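# Descriptive analysis of the structure
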Amino acid sequence: MQPVITITLNPAMDKTVMLPNFQLGALNRITNAVQVDPGGKGINVAKVLQQFNTKVIASGLIGGDLGKKLQKQVEKLGIATDFVEVDGEVRTNLKIVDEQTKQTTEINEPGFTVSIEDKQQIKEKISNLMDNASFLILSGSIPNEMEAEVYSNYIHLAKEKGVKTILDADGLVLKHGIDAKPFAIKPNLYELEKYIGKKLPNVEAVVEAGKRLIGRGIELVIVSMGEAGAIFLTENDGCHVKPFSITPKSTVGAGDSMVAAIAYAYGNHFSFSEMAAWATTAGTITASKSGTNVCSLKEVRDALSKVQTSQLY
Ligand SMILES: Nc1ncnc2c1ncn2[C@@H]1O[C@H](COP(=O)(O)OP(=O)(O)OP(=O)(O)O)[C@@H](O)[C@H]1O
Ligand SMILES: O=P(O)(O)OC[C@@]1(O)O[C@H](CO)[C@@H](O)[C@@H]1O
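First things first, this report covers the structure right here in the doc. These numbers were taken from a predicted model, which means no experiment stands behind them. (Residues numbered from 1 in each chain as written. Chains lettered and ligands numbered in written order. Predicted model: local features only at pLDDT ≥ 70, side-chain atom pairs only at ≥ 80, totals over all residues.)

### What about the site of ligand 2?
Neighbouring ligand 2 are 17 residues; Gly39, Asn93, Asn108, Gly140 and Ser141 lie closest to it. Counting only elements with at least two residues in the shell around ligand 2, the list comes to β2 (12–19), α1 (41–51) and α8 (254–267). Tallied by class, the residues present in the shell around ligand 2 amount to two nonpolar, eleven polar and four charged. (Near = placed C-beta within 6 Å. Helix = DSSP H or I, 4+ residues; strand = E, 2+ residues; numbered from the N terminus. Nonpolar A, V, L, I, M, F, W, Y, C, P; charged D, E, K, R; others polar.)

As structure tokens, then:
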């Protein structure tokens, strides 16, 4: 399999703090150790693919001393990197885990600002990387001064070179990306509702919305729904996979683990239902880990049979 290329235009150091009982509008003191992990959606996808012994190159934009530190940590994990360096500093994203409710609250910084030259350089890099790639993963928010059409442009580039794309984005960036008809998208329920402009109160409503996207030329639509699992839809197959019960430690990176597992499953010619089970299991294991730590291949293999799949059509 040719390498998977992950693009993280707005990487982050994830700072995770555990609070026994997080109080809004009050002083919350941290008593446990603070966990700091390299993050950003594409980087998390790369971490999982590395765990899955799959060739991956983590690309995107990086900047400042924190950026250097982040890149070093990613490389220390054995992941090949190929970033464009920009002025400005990589952001720090705060993740607050309430130990009582098991809920994760995320406070993400906007990140650095890019120049016209930075945009040109990253576009050229991606074009070159597409000469030897199986998948292009486009994940996460974009920096200041980057156009909302950016992923859409990369999807067109990848198509010209015969590379499949998986898009995991939000808001306008997702909207434009969908217009370019990527191979797959993985919104979470909230992101899909925002895109559609209305609440999707049940599985039927999610399936109907997803099928409309398939009608527009996207081959695979995955909607992740946290504890309720995920819906997987293609033109001919649809299923709902429910996860097994876990004690969530930090759900950060759960969706990214699904994206990685999807690329892995396609690369290894898994069936549709195997792909859906792998993706859900990968997300679930990652949600049971602290900070931005991700699932391993063995953990996913061992837990695969614990997810419950119901065929939708
Ligand atoms: N509390 C939970 N219990 C069991 N599984 C969970 C839980 N939270 C997440 N998961 C698993 O992880 C998958 C992805 O979760 P979710 O829908 O929260 O993704 P996401 O919002 O894209 O996450 P992120 O953007 O933080 O990576 C779910 O489909 C499910 O399999
Ligand atoms: O602000 P974005 O780019 O939308 O999301 C960034 C982020 O929340 O996504 C990852 C989890 O999916 C974290 O590692 C990171 O902090």
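### Describing the packing of helix α4 (residues 150–160) against helix α5 (residues 171–179)
Contact geometry for α4 and α5: axes closest at 7 Å, N-to-C directions at 25 degrees. Put simply, α4 runs roughly parallel to α5. Crossing angle aside, the handedness with which α4 passes α5 is right-handed. Side by side, α4 and α5 meet where Tyr151, Ser152 and Ile155 of the first sit next to Val173, His176, Gly177 and Asp179 of the second. Grouping the constituent residues of the contact of α4 with α5 by class yields three nonpolar, three polar and one charged. (Axes fitted to C-alpha atoms, helices over the stretch in contact; angles between N-to-C directions. Parallel < 35°, antiparallel > 145°, perpendicular 65-115°, else oblique. Left-handed = near helix turned anticlockwise from the far one by under 90°. Contact = placed C-beta atoms within 7 Å.)

### A word on the pairing of strand β5 (residues 80–86)
In summary, the side chains of a regular strand alternate between the two faces of the sheet. Pairing of strand β4 (residues 56–63) with β5, which is carried by seven bridges, proceeds in the parallel orientation. Paired with Ser59 across the strands is Asp82, a residue of β5. Handedness of the β-α-β unit built from β4, helix α2 (residues 64–76) and β5 comes out right-handed. (Pairing = 2+ DSSP bridges. Right-handed = clockwise from strand over helix to strand, strands pointing away.)

### Here's the deal with the site of ligand 1
Of all residues adjacent to ligand 1, which total 21 residues, the nearest are Asn188, Ser224, Ala254, Gly255 and Gly283. Among the secondary structure elements, those contributing two or more residues to the shell around ligand 1 are α8 and α9 (272–287). Residues belonging to the shell around ligand 1 are distributed by class as follows: nine nonpolar, ten polar and two charged.

### Concerning α4
Those residues of α4 not exposed but buried are Val150, Tyr151, Ser152, Tyr154, Ile155 and Ala158. Considering only its buried residues, α4 is in contact with β1 (4–8), α3 (116–129), β8 (135–139), β9 (164–168) and α5. Gly162 occupies a position one or two residues after α4 and carries a positive phi of about 70 degrees. (Buried ≥ 20, exposed ≤ 12 C-beta atoms within 10 Å, placed from the backbone.)

### Some words on the environment of Glu149
One can find Glu149 in the loop between β8 and α4. By the C-beta count within 10 Å, which is 17 here, Glu149 ends up partly exposed.

### Examining unusual backbone geometry
Positioned with a positive phi, Glu145 is a non-glycine residue whose angle comes to about 75 degrees. Residue placement: Glu145 occurs in the loop between β8 and α4. What makes Glu145 exposed here is the crowd of 12 C-beta atoms within 10 Å. The phi torsion at His269 lies on the positive side, around 55 degrees, for a residue other than glycine. Within the element layout of this structure, His269 appears in the loop between α8 and α9. Judged by the 9 C-beta atoms lying within 10 Å of it, His269 falls in the exposed class.

### With respect to the pairing of strand β12 (residues 230–233)
The two faces of β12 match: Ala230 and Phe232 on one face and Ile231 and Leu233 on the other face are all buried. Alignment of strand β11 (residues 220–224) against β12, held across four bridges, turns out to be antiparallel. Residue pairing in the sheet places Ile222 in a bridge with Phe232 of β12. Here β11 hands over to β12 after five residues, with Gly226 in that stretch at a positive phi of 55 degrees. Linking β12 back to strand β13 (residues 238–242) in an antiparallel pair, the connection comprises four residues.

### Quick notes on the sheet that holds β11
With mixed pairing, the ten strands of this open sheet are ordered in space as β5-β4-β1-β8-β9-β10-β11-β12-β13-β14. Each of the sheet's edge strands pairs with one partner strand only, and the pair in question is β5 and β14 (308–311). As paired elements, β13 and β14 share four bridges and run antiparallel to each other. If you follow Cys239 over to β14, its bridge partner there is Gln311.

Everything listed here is a matter of geometry and, on its own, says nothing about what the molecule does.
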